[in-house]
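If you want the building blocks of each chain, they are given just below.
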Amino acid sequence: MTSRVAAWFKAKWPTQESLAGNRWLTWLGPRLFHPHLWRLRRKTLALGLAIGVFFGFLIPLAQIPASAVVATVLRANLPAAMASTLVTNPFTFGPVYIVAYKVGQI
């Protein structure tokens, strides 16, 4: 089961070559294509997830671009930072903030 899921993620994971060919991203140049932004290493992945969750809870608008900019500056895992902002999507937004309010009342 896990090998099928891993294979699916590997097939869907964007490559540097596919992004380098995108005309909307060419202006970012070599900064976007730094190897540390795309490696699945423990340190870069953890930092990317932390950045994404931070911006997911911090600001209600432009979460993904803000996390992408900070992940690029700190050389964290860019896809992980962008994907982890979705922890507060329209379905989880209400319950997350209700639980945060209840915890804050304690």
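Along each chain, the written sequence defines residue order, and numbers are assigned to residues from 1. Only residues with pLDDT of at least 70 are given local features in this predicted model, and only at 80 or more are side-chain atom pairs given and counted; all residues enter the totals for whole chains, interfaces and linings. Side-chain measures here rest on the full set of heavy atoms in the structure, leaving out hydrogens and waters.

**A few points about the environment of T72**
Segments assigned H or I by DSSP are reported as helices when at least four residues long, segments assigned E as strands when at least two residues long, and all are numbered from the N terminus. Along the chain, T72 turns up in helix α4 (residues 63–74). Remark: the alpha-carbon pair of T72 and Y101, spanning 29 residues in sequence, is separated by 32 Å. Any two residues whose heavy atoms approach within 4.5 Å are treated as being in contact. Every residue in contact with T72, bar those within four places of it in the chain, is listed here: R31, L37 and L78.

**Observations concerning the nonpolar core**
Counting 13 residues, the largest nonpolar core has W38, I51, A71 and L78 as the members making the most contacts within it. Looking at this core, the elements that each hand over two or more residues are α3 (42–58), α4 and α5 (78–83). No other element matches α4, which puts three residues into this core. We define a nonpolar core as any set of buried Ala, Val, Leu, Ile, Met, Phe, Trp, Tyr and Cys residues linked to one another through side-chain atoms lying within 4.5 Å. Only protein chains enter the area calculation, which uses a 1.4 Å probe; residues under 20% of their type maximum are buried, those over 50% are exposed, and those in between are partly exposed.

**Focus on the confidence of the model for the protein chain**
Mean pLDDT over the protein chain works out to 81, with 92% of the residues at or above the 70 mark. Mean pLDDT in the protein chain bottoms out at helix α2 (residues 16–20), which sits at 73, and peaks at α3, which reaches 89. As a per-residue measure, pLDDT tells how confident the predictor is, with possible values from 0 to 100.

**Focus on the packing of aromatic side chains**
Aromatic rings considered in pairs are described by the distance between their centres and by the relative angle of their planes. Working definition: rings of Phe, Tyr and Trp (its six-membered ring) pair if their centres are within 6.5 Å, and the pair is stacked with planes under 30 degrees apart, edge-to-face with planes over 60 apart, and tilted otherwise. Enumeration according to the criterion identifies one aromatic pair in this entry. Taking the centre distance of 5.2 Å and the plane angle of 80 degrees together, the rings of F54 and F55 count as edge-to-face.

**Observations regarding unusual backbone geometry**
Phi is positive for A62, which is not a glycine, with a value near 60 degrees. Following the sequence through the fold, A62 ends up in the loop between α3 and α4. Unusually for a residue other than glycine, R75 sits at a positive phi of about 55 degrees. For R75, the position within the fold is in the loop between α4 and α5. Overall, the relative accessible area of 37% leaves R75 in the partly exposed class.

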